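Spelled out, the chains give:
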Amino acid sequence: MAAPESAGTDAHQPRALSLRRTLLLGILLPVFAFLLINTVVLYRQALAAADTAYDRTLLATAKSLGEQLRVTGTGSELRVESTLLYSALEAFEADNRSRIFYRVSGLQGELVSGFENLPPGRSDIPQKNLYAALVNFYDDEYLGVPVRMAVLLQPVSGVYEQGMATIQVAETLELRETLARQILIDTLWRQAALVLVIALVVVFVVQRATQPVRALSQALGMRSENDLSPLPTEGAPRELLPLLDATNQHMQRLSHLLEHQKRFVRDTSHQLRTPLAVLKTQVQSAQRGDVEPRQALDEIGHTVERATELANQMLALAKVEQLRQEKSTPVHDWSAVVRLVALDLSALIAERALDFSITTQTAPVRAHEWALRELSRNLLHNAIKNTPPGTALTVSLVTDAQTAALTISDEGPGISAALRERLFQPFATEHRQANSASGSGLGLAICREIVQSLGGEIALDNCTQSGHVRGLDATVRLPLAPPSPSA
């Protein structure tokens, strides 16, 4: 039952967009649309060219008719006569596919010769005319057949009188349309060949242009699930370089995250094994009665406390990596966090009778409050543990134009050169004495991870006086958050 449901789900998913199809349609469709529009325009231009060519024949026919007119009579008996026979118009017919009709009207519009039922011609002569004659061309119908009409105003004169006769010549459109269609067909063949060439070129170019994308997809598909090595960028098209760079950066982040998770699991299993084994031994010893119940409970409580501290610090180290992946980070006042941490540890400071002093300045930094609190707590707690009772412990937070600097100064034994190299590594002892086995070894590692995630610096420097170490300065510098526009 699960298989059909999965198939139905896949059937309703939208199809992936094809880059090649998009390119082909995006290029060829506008070309086809342009050629279609060009074909329509070309056909109209062909008709106009045919009209221009054959209009000259109509004008020549009308002028020939005009040359055969004469004026006879005088006064009220004045009239126009024509001596042209219709058979003489056969010379102006191009072939048997077209027919010519004519009508000659006299001075008063009376029929002189020709076809009586030919519609009267339009008397509006264009002001701008291509011909040296008073002629007008237009499309009309005669006997239900479309015709091209030429109307010529022909001056005529006799011995005593003169006037203006009207000559109409109409020709059917078969020859014009045949010529226009022939021009169109010849052009369409050439355009079809052009479209074919363009389509072949576009397909070839698109195939060649998308080859790197297909090669990249194939290379990614053949990779193993654990292969997060960078993709090669040599020879890649310039348009793909941003995608490759972003992919490589993402793979680098994933690789770092996976490596951190592997290291976390490895370190957790290794470090928790020891306190759990000790706890098991202590419980077994208590059950056998090897030690007093009170002593056994104290030892078990001490082991549980160390294991709890270790687990909390390892979870804190994992949380630092989680916060590192977040894009948006709020702004917090570091000075307020430092004072709260000092207040939380005041009981421990009083227990060791330390001469404690704290001075702070407002320091807005872009960081999660948890990260600032964990950083400050680890540094201050480490200083309290390593400062001899009754000595001074100073906390100072100052700012300049770009950074905020937290300095915790104690009067402890300082650190040796050998310990300095590995002090920030996970599970290196945090105590200043190299032979000390106490401490989980994660506090300073957490501090370093937090500082690096916030784009800052951390340093541990011995304070010397007269050539002798008199304490340690733990200094953290973080960039100040830029002021908000509203401020």
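As a reminder, the structure under discussion sits directly above these lines.
First things first, this report covers the structure right here in the doc. (Residues numbered from 1 in each chain as written. Predicted model: local features only at pLDDT ≥ 70, side-chain atom pairs only at ≥ 80, totals over all residues. Heavy atoms only, no water.)

**Describing the packing of aromatic side chains**
Counting across every chain of the model gives four aromatic pairs. Ring geometry for Phe 101 against Phe 115: centres 5.2 Å apart, planes inclined by 80°, an arrangement best described as edge-to-face. Placement of the pair is Phe 101 in strand E3 (residues 100–105) and Phe 115 in the loop between strand E4 (111–114) and strand E5 (135–142), with a sequence separation of 14 residues. Between the aromatic rings of Phe 101 and Tyr 142, the centroid separation amounts to 4.9 Å while the plane-to-plane angle is 65°, which identifies the pairing as edge-to-face. Pair noted here: Phe 101 is in strand E3 and Tyr 142 is in strand E5, with a separation of 41 residues, a long-range link. For Tyr 142, a relative accessible area of 5% corresponds to the buried category. The structure contains a cluster of three or more aromatic residues connected by ring pairs, namely Phe 101, Tyr 102, Phe 115 and Tyr 142. (Phe/Tyr/Trp six-rings, centres within 6.5 Å; stacked < 30°, edge-to-face > 60°. Helix = DSSP H or I, 4+ residues; strand = E, 2+ residues; numbered from the N terminus. Buried < 20%, exposed > 50% of the residue type's maximum accessible area, 1.4 Å probe, protein only.)

**Side note on the environment of Ile 100**
If you trace the backbone, Ile 100 turns up in strand E3. Spatially, the C-alpha atom of Ile 100 lies 9.1 Å from that of Val 147, the residues being 47 residues apart in sequence.

**Some thoughts on the pattern of salt bridges**
Applying the stated criterion to the full structure yields five salt bridges. We note a salt bridge from Arg 448 to Glu 449, for which the minimum N-O separation is 3.6 Å. Here Arg 448 falls in the partly exposed class, since its relative accessible area comes to 25%. Put simply, Asp 55, Asp 139 and Arg 148 are held in one network by salt bridges that share partners. (Salt bridge = Lys/Arg side-chain N within 4 Å of Asp/Glu carboxyl O.)

**A look at the sheet that holds strand E9 (residues 355–360)**
Within the open sheet, the five strands sit side by side as E9-E11-E12-E14-E13. Their pairing is mixed. Whereas interior strands pair on both sides, the edge strands pair on one side only; in this sheet they are E9 and strand E13 (457–465). Across this sheet, the average inter-strand angle for adjacent strands is 15°, counted without regard to direction. When E9 meets strand E11 (residues 392–399), the two strands line up parallel, connected through six bridges. Its bridge partner lying in E11, Ile 358 is registered against Val 395. Across the sheet, helix H7 (residues 334–344) is in contact with E9, E11, strand E12 (403–410) and strand E14 (468–479); its angle to E9 comes to roughly 165°. Of the strands in this sheet, E13 and E14 are in contact with helix H11 (residues 443–453), which crosses E13 at around 125°. (Pairing = 2+ DSSP bridges. Axes fitted to C-alpha atoms, helices over the stretch in contact; angles between N-to-C directions. Contact = heavy atoms within 4.5 Å.)

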